Each structure stands twice: as C-alpha cells, then as structure tokens.
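Chains, contacts and geometry: an overview
Read off the chains here:
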Amino acid sequence: MTETLKEAARAYEGSADRPLASYGRILLVYSGVVGAVAAVAWLTGRRAPEKIGLLDLGLMGMFTHRLSRTLAKDPVVSPLRAPFTKYVGVSGPPELREEVRGSGLRHALGELVSCPFCLSQWVATGYAAGMVFAPRVTRLAGATMTAVAVSDWLQLAYSRMMKQAGEDGPE
C-alpha cells in the first residue's frame, strides 16, 4: 500500500518536487479540526443555523477575504510567516511578496500561510464554527472585517483619484 502511494506521488510530481505527503498531513489536520469542532458541537447540543441569510453570507465572504489577505500578505503578520517564507518585496499597498522556503512540511505550510486563496478555506471554516458557537461575536467580527475591506477599497480608490488629479491636474 505504501509503495503504491509513493508510486502515485512520483507519477503525479513528474520532475517537479511537490510535497504531496505534507499536503496530506495538512489535510488530515484540517479534517481533524473539523471533526473535533463537529463533535464538540454535537456533545454540547449546538446546531448549525437552519439557514444562512444573505447578510450572514456577505459578512462571511468579506470576513474570509479580508482576514485571509491579512494573514497571508500583511507586513505586521510577517513574523508568523517568516519560518516558512522569505521576504522578496512589496506586491501592493500594503502587501508583501514572499517566496516559500524549505521542503516537505515546511514548504507545504509556507504555501498555505502565504496564499490568501489557500487560507480562505480555513478562515471560512472558522467563521462557520463561530456561527455555531458564538453567532453574535462572529457577526461582529464579520462586520468589523467587512468595514476594513471597504476601507481598503476606498483608500485605493482615493489614492488612484489623487494620482490621476496630480497627473492630469486642474489648470
């Protein structure tokens, strides 16, 4: 069985060095966390919401977007990514561009913590758990991160408008 899995990994990777076994470990951790949260919910009598309204879905989406980008790109959070990534430069206001370091599990974790798309699954799952265990606090966090995301977009729009005004300038 182990040899069959190793052969499948070699066939998948080809000449690339992909840490498939490490990805598998990360998937096991994710599945374990989801299973543990579901078990605690069941043991404590908590239930998932009957339905998710549009407002909740919007808050969840904005929260997931903003927190995932903050965790993966924000300079202030870079100490958490530093064991797995290397600073390369700035990718946009105010985001960093980093390269993944190492091999195996270190590389796989580097890909996870530096990719907002990759982190989104984890963040959204955390938000969903929050809706089961503490919906009021979770909605407040959702509203807060939504306000931050809207503020980001307004800051970028304002900056672009000022740049255009400076280039084209009123006479």
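What comes next concerns the included structure. (Residues numbered from 1 in each chain as written. Predicted model: local features only at pLDDT ≥ 70, side-chain atom pairs only at ≥ 80, totals over all residues. Heavy atoms only, no water.)

1. Points about the nonpolar core
One finds Leu 59, Met 60, Phe 63, Val 123, Tyr 127, Met 131 and Met 145 forming the largest nonpolar core, which totals seven residues. Among the secondary structure elements, those contributing two or more residues to this core are helix H3 (54-73) and helix H6 (116-133). Residue contacts for Leu 59: discarding those within four places in its chain leaves Tyr 127, Arg 139, Gly 142, Ala 143 and Thr 146. (Core = buried A, V, L, I, M, F, W, Y, C linked by side-chain atoms within 4.5 Å. Buried < 20%, exposed > 50% of the residue type's maximum accessible area, 1.4 Å probe, protein only. Helix = DSSP H or I, 4+ residues; strand = E, 2+ residues; numbered from the N terminus. Contact = heavy atoms within 4.5 Å.)

2. Some points on the packing of aromatic side chains
Across all of its chains, the model carries two aromatic pairs by this definition. For the pair Tyr 30 and Trp 122, a centre-to-centre distance of 5.1 Å together with 70° between the ring planes defines the contact as edge-to-face. Note that Tyr 30 is positioned in helix H2 (residues 20-44) and Trp 122 in helix H6, a separation of 92 residues in sequence. With centroids separated by 5.0 Å and ring planes inclined at 50°, the aromatic side chains of Phe 63 and Tyr 127 adopt a geometry described as tilted. With a gap of 64 residues between them, Phe 63 in helix H3 and Tyr 127 in helix H6 connect regions that are remote in the sequence. In terms of burial, Phe 63 and Tyr 127 fall into one category: buried. (Phe/Tyr/Trp six-rings, centres within 6.5 Å; stacked < 30°, edge-to-face > 60°.)

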